[in-house]
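In case you want the letters, here they are:
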Amino acid sequence: MVKGENGLWVLRSWLTRSKLPAMVALIFSCGSAIIGFTALGTGHHIPIYQLLFLMLGTSFLASGICSFRRGAKNKRKIIHLLAFGLIELIIAFSASYAPSTIDLWGLNAAPYSNFLFSFGAVLFGLIGVSLAIGPLYDFSPFGNQKSAYLLLIIAILIVLYPLAIIIGQVVINGAPGITWEFLTEDVRNLGQEGGIFPAIVGTLLLMLLIFFIAIPLGIGCAIYLEEYASGRFSFIVRIIKTSVTILRGVPSIVFGLFAFAFFVPLFGPSFLTGGLTLSCYALPTIIRASGEALKSVPQNLREGSYALGATKWQTIRRVVLPSALPGIITGAVLGIGEAAGETAPLLFIGTFTGVSFPPSLFDRVQALPLHLYTLFGMRGAWDVMQNAWAAAFVLLLIILVMNAIGLFIREKYRREF
Amino acid sequence: MAAKIMVKDLSLWYDGKQALKDVTMDIPEKRVTAIIGPSGCGKSTFIRCLNRMNDIVRGCRVKGKVTIDGESIYQNNADVVKLRKKVGMVFQKPNPFPFSIYDNVAYGCRVAGMNNKKTLKEVVERSLKKAALYEEVRDRLGDSAMSLSGGQQQRLCIARTLAIEPEIILMDEPCSALDPIATAKIEVLIRELREEYTVIIVTHNMQQAARVSDYTAYLYIGKLIEYGITRQIFENPKEENTEKYITGRFG
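Residues numbered from 1 in each chain as written. Chains lettered and ligands numbered in written order. Predicted model: local features only at pLDDT ≥ 70, side-chain atom pairs only at ≥ 80, totals over all residues. Heavy atoms only, no water.

**Overview of the sheet that holds strand 1 (residues 3–14) of chain B**
Residues and elements named next belong to chain B. For the record, the criterion: At least two DSSP bridges between two strands are required for those strands to pair. Secondary structure elements are taken from DSSP: a helix is a run of H or I of four residues or more, a strand is a run of E of two residues or more, and numbering for both begins at the N terminus.
Taken in spatial order, the four strands line up as 2-1-4-5 in an open sheet, and their pairing is antiparallel. What marks the edges here is a single partner per strand, and that holds for strand 2 (17–28) and strand 5 (71–72). Across eight bridges, strand 1 lies against strand 4 (residues 60–68) in antiparallel orientation. Counterpart to V7 in the pairing with strand 4 is V66.

**What about helix 3 (residues 101–111) of chain B?**
Because an α-helix packs 3.6 residues into every turn, residues spaced three or four apart end up facing the same way. Threshold: Each residue is assigned to one of three classes by its accessible area relative to the maximum for its type, calculated with a 1.4 Å probe on protein chains only: buried under 20%, partly exposed between the two thresholds, exposed over 50%. Any two residues having at least one pair of non-hydrogen atoms within 4.5 Å are treated as being in contact.
With nine of 11 residues buried, helix 3 of chain B is to be regarded as a mostly interior element. Buried within helix 3 of chain B we find I101, Y102, N104, V105, A106, Y107, G108, C109 and V111 of chain B. Those residues of helix 3 of chain B that are buried are in contact with helix 12 (299–307) and helix 13 (312–340) of chain A together with helix 4 (117–130), helix 5 (134–137) and helix 6 (150–163) of chain B. Where helix 3 of chain B ends, the next residue or the one after it, G113 of chain B, has phi of about 95 degrees, a positive value.

**Focus on the sheet that holds strand 6 (residues 87–90) of chain B**
Residues and elements named next belong to chain B. Definition in use: Angular values range over 0 to 180 degrees, each being the angle between N-to-C directions of two axes fitted as lines to C-alpha atoms, with helices fitted over their stretch in contact.
The mixed open sheet is built from six strands, whose spatial order is 6-7-8-3-9-10. Edge positions in the sheet fall to strand 6 and strand 10 (223–229), since each of these pairs with one other strand and no more. The sheet shows a mean angle of 15 degrees between the axes of neighbouring strands, direction not considered. Where strand 3 (residues 32–36) lies against strand 8 (residues 198–202), four bridges are found, and the strand directions are parallel. Directly across from V32, in strand 8, lies its bridge partner V199. Along the sheet, helix 10 (residues 240–247) contacts strand 3, strand 9 (215–220) and strand 10; its crossing angle with strand 9, the most-contacted strand, is approximately 100 degrees.

**Quick look at the interface of chain B and chain A**
Put simply, the rule is: Buried surface area refers to the total accessible area, computed with a probe of radius 1.4 Å, that the two partners give up upon joining, counted for both partners together. Just to be clear on terms, a salt bridge is a Lys or Arg side-chain nitrogen sitting within 4 Å of an Asp or Glu carboxyl oxygen. By the criterion applied in these results, polar contacts are pairs of N or O atoms within 3.5 Å in which, for protein atoms, one can donate a hydrogen and the other can accept it, and in which residues neighboring in sequence qualify only through two side-chain atoms. Charged means Asp, Glu, Lys or Arg here, nonpolar means Ala, Val, Leu, Ile, Met, Phe, Trp, Tyr, Cys or Pro, and polar covers whatever is left, Gly included.
With 26 residues of chain B at the interface, the matching set in chain A holds 22 residues. For the chain B and chain A pair, buried surface summed over both sides reaches about 2,000 Å², with 62% attributable to carbon and sulfur atoms. Of all residues in chain B, P98, Y107 and V111 of chain B bury the most surface against chain A, accounting for 26% of the area lost on that side. Where chain B meets chain A, there are one salt bridge. Linking chain B with chain A are four residue pairs in polar contact (both at pLDDT 80 or more). The biggest single contributor to the side of chain B that touches chain A is helix 3 of chain B, with four residues. When grouped by side-chain class, the residues that make up the side of chain B that touches chain A number 14 nonpolar, five polar and seven charged.

**A short note on the packing of helix 13 of chain A against helix 3 of chain B**
We count it as follows: Reported orientations rely on four angle classes, namely roughly parallel under 35 degrees, roughly antiparallel over 145, roughly perpendicular from 65 to 115, and oblique for the rest. Throughout, a crossing is termed right-handed when the near helix is turned clockwise from the far one, and left-handed when it is turned anticlockwise from it by less than a right angle.
At their nearest, the axes of helix 13 of chain A and helix 3 of chain B sit 12 Å apart, and the two run at 150 degrees to each other. With respect to their mutual orientation, helix 13 of chain A and helix 3 of chain B come out roughly antiparallel. For helix 13 of chain A against helix 3 of chain B, the interelement crossing comes out right-handed. Taking contact as the criterion, the partners of Q314, T315, R318 and V319 of chain A in helix 13 of chain A are, on helix 3 of chain B, Y107, R110 and V111 of chain B. Split into classes, the residues belonging to the contact of helix 13 of chain A with helix 3 of chain B amount to three nonpolar, two polar and two charged.

**Quick look at a nonpolar patch on the surface**
All names here are of chain A. Formally: Every patch collects residues that have over 30% relative accessible area and no salt bridge, joining them within 9 Å if they carry like charges and within 5 Å if they are nonpolar side chains (Val, Leu, Ile, Met, Phe, Trp, Tyr). Only the protein chains shown count as cover for residues, and all accessible areas are computed by the Shrake-Rupley method using a 1.4 Å probe.
A cluster of nonpolar side chains, contributed by I253, V254, L257, F260, L347, F348 and Y373, occupies part of the molecular surface with about 610 Å² of accessible area. With four residues, the single largest contributor to the nonpolar patch is helix 10 (residues 252–267). Looking at the element boundaries, I253 is found in helix 10. On the accessibility criterion, I253 (35% relative accessible area) is partly exposed.

**Some points on the packing of helix 3 of chain B against helix 4 of chain B**
Residue and element names in this part refer to chain B. Close contact between helix 3 and helix 4 brings their axes to 9 Å; oriented N to C, the two are set at 115 degrees. In this structure, the crossing between helix 3 and helix 4 has a hand that is right-handed. Within the contact between the two elements, helix 3 uses Y102, V105, A106, C109 and R110 and helix 4 uses K117, L120, K121, V123, V124, S127 and L128. Here the residues of the contact of helix 3 with helix 4 sort into eight nonpolar, one polar and three charged.

**Observations regarding the pattern of salt bridges**
When their charged atoms lie close together, side chains carrying opposite charge are able to pair. Residue and element names in this part refer to chain B. One pass over the structure, following the stated rule, counts 21 salt bridges over all chains. Salt-bridge contacts for R52 lead to D55; the nearest nitrogen and oxygen are separated by 2.9 Å. On the basis of relative accessible area, R52 is assigned to the buried category, the value being 14%. Through salt bridges with shared partners, a single network forms among K4, E29, D69, K86 and E167.

**A few points about the pairing of strand 6 of chain B**
Residues and elements named next belong to chain B. What you see with strand 6 is no split at all: V87 and M89 on one side and G88 and V90 on the other are buried throughout. Judged from the four bridges that link them, strand 6 and strand 7 (residues 168–172) form a sheet pairing that is parallel. Within the sheet, the bridge partner assigned to V87 lies in strand 7 and is I168.

**Observations regarding unusual backbone geometry**
All names here are of chain B. The backbone of D9 sits at a positive phi, close to 45 degrees, despite the residue not being glycine. Phi is positive for A132, which is not a glycine, with a value near 55 degrees. By the element assignment, A132 lies in the loop between helix 4 and helix 5. A132 gets classed as partly exposed once you look at its relative accessible area, which sits at 44%.

By themselves, these observations are geometric and do not establish any function.
Written out as structure tokens, the structure reads:
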């Protein structure tokens with residue numbers, strides 16, 4: 001039916017066919033969720049909330065109306081869209097009239113606090129995304145696949161987002177503090193001046209000590225548990241494995257207390273004690289990862305070796321271990337990196353100043369995480385934040401380099417079965 | 001014909017489930033003996049008894065007697081390592097180690113303590129030649145064994161087994177993962193190996209059993225139903241069950 005060149009009719013027919021309103025709703029919802037998430041994470045106040053809710057509401061209403069006119073299949077979803085748009089509009093308008101605090105029988109509440117608004121923005125944004133996708137959604141298997149990929153990518157982005165923020169913060173705040181003096185001198189004037197050279201040396205030495213203590217022990221345990229004991233003493237092995245898992249979950253401060261009660265009386269508050277404590281902390285990770293790596297070596301490789309007259313040890317030494325090496329290296333690097341970044345186990349044994357290079361195993365040692373912790377404790381009273389950020393930057397750099405080396409070795413020895 | 005392997009009343013249980021029931025058979029020297037039968041009948045289990053490969057399977061119990069060259073292999077003081085050097089095995093799925101081709105073939109000798117480079121080189125070369133693989137890999141002995149095709153990998157596994165100079169070679173469906181061309185190559189190889197070795201091959205492929213073997217044993221649910229000269233088994237089986245299986249009218 002031709003109605004002539006009626007402008008209103010053209011607009012209406014465009015609106016009913018166009019996906020634009022739903023797209024706008026989708027973009028607004030995504031924006032709302034992301035801004036809200038950022039505000040939640042950083043605590044910054046973002047003054048455009050009301051505008052945001054206003055825009056969300058409008059676009060939802062529009063997309064709801066459009067879909068309704070198009071006679072979409074899923075009517076319930078459209079009603080949701082309309083209701084949702086109304087709710088958002090109400091929030092947007094009522095926010096300006098609401099009192100800034102409410103006195104609930106002596107209990108003060110701020111109903112439109114930054115937190116609530118951010119949280120609302122995230123929540124409504126996410127609901128909005130799910131609703132606005134409806135009119136746009138392609139319900140074919142291909143469409144489902146695409147949206148599944150999209151969700152997975154979003155999951156990755158959400159994971160990477162805080163990581164990027166952390167690294168970004170540390171680099172931005174820490175990098176300007178890195179000077180030659182900072183890297184090569186000891187701390188002076190309660191951390192306000194000087195550098196972190198002894199702490200860097202201490203952390204590297206601790207890593208070395210962990211390497212020599214925890215790696216042979218951990219790999220040895222893993223080999224015994226996976227290769228030798230699993231058949232004969234399966235019940236005991238299960239208990240040991242469970243214990244290792246539990247040990248993995250023990251808070252690091254408990255390791256610190258344990259060290260204070262057990263190692264300190266033996267070796268004093270020393271480098272050796274620190275290394276032993278951190279090794280204890282790293283062991284479960286190394287055992288678990290090495291065990292998994294050993295388990296993933298195909299049984300038919302072992303059988304092939306046995307069938308050629310190799311003994312069990314020869315099989316482990318020559319076939320199983322080399323095949324499991326990439327996984328074991330990953331576990332070892334993870335374990336050492338984790339332990340080297342720990343503060344709590346060193347609280348009772350480390351030192352803040354005084355030692356530049358431990359003369360023996362039985363002297364005190366500085367460590368970067370502990371240094372950072374101490375500096376942070378002085379903030380406010382003394383001007384130490386620049387040095388604290390810089391120390392954090394160096395610590396992060398050491399751990400990242402460590403992981404990069406691990407990755408490199410793993411790729412080099414990667415084997416296919 | 002001298003019997004190389006004598007199996008007497010061999011029974012085997014996995015976690016209490018019986019997989020072999022009183023198998024008794026004599027396997028002749030320097031002949032190819034095929035073991036056929038439907039899936040799950042205990043063929044693989046049976047040949048894995050001959051080099052005590054079942055030892056590493058948890059919950060496995062063996063009863064009965066297996067003697068090789070008159071020596072009982074299940075007696076208490078039997079040396080498993082020595083036994084496995086004498087009885088080599090090739091598996092269903094090619095399982096080369098993730099090393100170089102050379103190291104794969106040299107592996108058996110190295111674990112036996114042979115480290116002389118010159119001798120090793122000779123052994124590797126000889127074994128690869130015997131396994132009809134040498135020409136294809138002579139220029140890339142240092143390459144990873146994983147770079148070979150499936151058929152080449154399986155011949156590499158055969159070469160690896162030949163390198164330890166066994167007297168008996170067990171083959172557990174060696175061609176089931178291979179294409180017809182690779183299969184044909186391995187079948188020719190098996191016929192050649194017969195000159196020097198006692199070969200026992202498990203196969204699902206009846207034509208293959210007929211082509212390569214001198215003797216055939218038919219197993220059914222852990223029992224040895226029929227055992228005899230291949231031609232007789234295929235052309236004139238005594239048991240009805242055997243005939244049904246061979247002609248494909250099973251079940």
